[in-house]
Amino acid sequence: MPGTAPQQTDTEGVDGGVGLTALLVAAARAIETHRHDSLAQDVYAEHFVRAARACADWPVRIEQVPDGDNNPLWGRFARYFGLRTRVLDDFLLQAVGTSVRQVVLLGAGLDTRAFRLDWPSDVVVFEIDRAGVLAFKQQVLTGLSAAPRVKRVPVPVDLRADWVTALTTAGFDPAAPSVWLAEGLLFYLPGPAEAYLIDTVDRLTTAGSALAFEAKLEKDLLAYRDSPVYTATREQIGIDLLHLFDTGPRPDSAGALTAKGWSTSMHTPFEFTRRHGSGPLPEPNDALEGNRWVFAHKPRL
């Protein structure tokens, strides 16, 4: 178990807007880690929360929440993030169980998979995110004397800039199979930016590669504005997710990949709740109703 992280570190990049949502997910992973029926373990997550002024009073254990699992934010929503972490962990590890040795995390945020998963020793993990986010993460991990289990290559670049050049300059090889992850990212992007990103992943991948991403299918996101999840997130920690999400029309990214020859499958989170026996189930006025997890594979020649 890591030691104590330095407190009140510089939070440039994670102290507001979309950056703050990385801390929300970290807090959820911390809560999941300490559960007796935990689906995913991230011993670093609580240290990110404690190192940032913006969330100094957020819980990192469910026992710190007065209404516990009945709390829509720290109960149901946090369990959703815990389940998502587990499912995407499994996806990545399955991909590198074949010939894939390059992992690309798009909008990596406070992802610590390079530090906590049991990777093959020759895997390389590329983490793309804004410089401020990666610097905050590195500061906390350095304070813990944390060491990645495989080669980890931070790529400090905004996804709205020329991240392709930054990634290839950092050593990514488009001619070798790769696995990509866009976790909790696409619905913050305008539709054309999502379409460009998906098309770019297709161009940068060869046969045997894979991609997982999260999508939202709602025709009108604002229809769920008063849902328990969004209301609790606004009122308890001041994050208005619907203000951060892009509310324009969404592209059919799964369909676009299928048209390019990928095999794709789309799932509700609730399918994995039932599979693992833990996680959120449908409820009325459900902000998670339109969430989908998409898994795509580029067939081998």
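A brief look at the structure comes next. (Residues numbered from 1 in each chain as written. Predicted model: local features only at pLDDT ≥ 70, side-chain atom pairs only at ≥ 80, totals over all residues. Heavy atoms only, no water.)

**Examining the sheet that holds strand β5 (residues 210-216)**
Sheet architecture is open: seven strands sit in the order β3-β2-β1-β4-β5-β7-β6, paired in mixed fashion. Every interior strand has two partners, whereas the edge strands, β3 (151-156) and β6 (263-267), have only one. The average undirected angle you get between the axes of adjacent strands in this sheet is 15 degrees. Looking at chain direction, strand β2 (residues 124-129) and β3 are connected through six bridges and run parallel. Looking at β3, one finds that Asp129 is bridged to Pro156. In the packing of helix α7 (residues 191-203) onto the sheet, the strands contacted are β1 (102-106), β4 (178-182) and β5, and the crossing angle to β5 comes to about 170 degrees. (Pairing = 2+ DSSP bridges. Helix = DSSP H or I, 4+ residues; strand = E, 2+ residues; numbered from the N terminus. Axes fitted to C-alpha atoms, helices over the stretch in contact; angles between N-to-C directions. Contact = heavy atoms within 4.5 Å.)

**Here we look at the packing of aromatic side chains**
Overall, the coordinates contain 17 aromatic pairs when judged by the stated rule. A ring pair is formed by Tyr80 and Trp293, whose centres lie 5.6 Å apart and whose planes are at 45 degrees; its orientation type is tilted. In this pair, Tyr80 is assigned in helix α3 (residues 72-96) and Trp293 in strand β7 (residues 291-297), connecting sequence segments 213 residues apart. What makes Tyr80 buried here is its relative accessible area of 1%. (Phe/Tyr/Trp six-rings, centres within 6.5 Å; stacked < 30°, edge-to-face > 60°. Buried < 20%, exposed > 50% of the residue type's maximum accessible area, 1.4 Å probe, protein only.)

**Points about the nonpolar core**
Residues Leu23 and Trp58 are the most contacted members of the largest nonpolar core, which totals 75 residues. Residues contacting Leu23, with those up to four places away along its chain left out, are Val14, Phe48, Val49, Ala52, Cys55, Trp58, Leu110 and Phe136. (Core = buried A, V, L, I, M, F, W, Y, C linked by side-chain atoms within 4.5 Å.)

**Description of the pattern of salt bridges**
Enumeration over the complete set of coordinates arrives at 25 salt bridges. Note that Asp69 and Arg35 form a salt bridge whose closest N and O atoms lie 2.6 Å from each other. Of this pair, Asp69 sits in the loop between α2 (45-51) and α3 while Arg35 is found in the loop between α1 (17-33) and α2, placing the two residues 34 residues apart along the sequence. Sharing partners across several salt bridges, the network here consists of Arg84, Asp89, Asp111, Arg113, Arg116, Glu183 and Glu214. (Salt bridge = Lys/Arg side-chain N within 4 Å of Asp/Glu carboxyl O.)

**What to know about unusual backbone geometry**
We note that Ser145 has phi near 55 degrees; this positive angle belongs to a residue other than glycine. Structurally, Ser145 can be placed in the loop between α5 (131-143) and β3. A relative accessible area of 66% means that Ser145 is categorised as exposed. Located in the positive-phi region is Asn285, a residue other than glycine, with phi close to 50 degrees. The topology assignment puts Asn285 in the loop between α11 (269-276) and β7. Looking at Asn285, the relative accessible area reads 37%, which means it is partly exposed.

**Some points on the pairing of β4**
Judged by how many residues are buried, β4 sits mostly within the fold: five of five residues are covered. Of the two faces of β4, the one lined by Ser178, Trp180 and Ala182 and the one lined by Val179 and Leu181 are each fully buried. As paired elements, β1 and β4 share four bridges and run parallel to each other. If you follow Gln102 over to β4, its bridge partner there is Ser178. Relative to β5, β4 runs parallel, the two sharing four bridges. Within β5, the residue paired with Leu181 across the bridge is Ala212. Between the parallel elements β4 and β5, the chain passes through α7 in a crossover that is right-handed. (Right-handed = clockwise from strand over helix to strand, strands pointing away.)

**What about the packing of α3 against α11?**
Closest axis-to-axis distance for the α3/α11 pair is 10 Å, and the angle between their directions is 80 degrees. Put simply, α3 runs roughly perpendicular to α11. Contacts from Arg76, Tyr80, Leu83, Arg86, Val87 and Asp90 of α3 reach α11 at Pro269, Phe270, Phe272, Thr273 and His276. Here the contact of α3 with α11 is composed, by residue class, of six nonpolar, two polar and three charged. (Parallel < 35°, antiparallel > 145°, perpendicular 65-115°, else oblique. Nonpolar A, V, L, I, M, F, W, Y, C, P; charged D, E, K, R; others polar.)

**Here we look at α3**
Along its 25 residues, α3 runs 35 Å from first to last C-alpha, staying within 8% of the 36 Å computed at 1.5 Å per residue. Most pronounced at Ala78, the bend in α3 amounts to some 30 degrees. Across the 25 residues of α3, 20 count as buried, placing the element largely inside the fold. Its side-chain oxygen placed 2.9 Å from the backbone nitrogen of Leu73, Asn71 serves as the N-cap of α3. (Expected span 1.5 Å × (residues − 1). Bend = angle between axes of the 7 residues up to and from the residue. Polar contact = N/O pair within 3.5 Å; in protein donor to acceptor, adjacent residues only side chain to side chain.)

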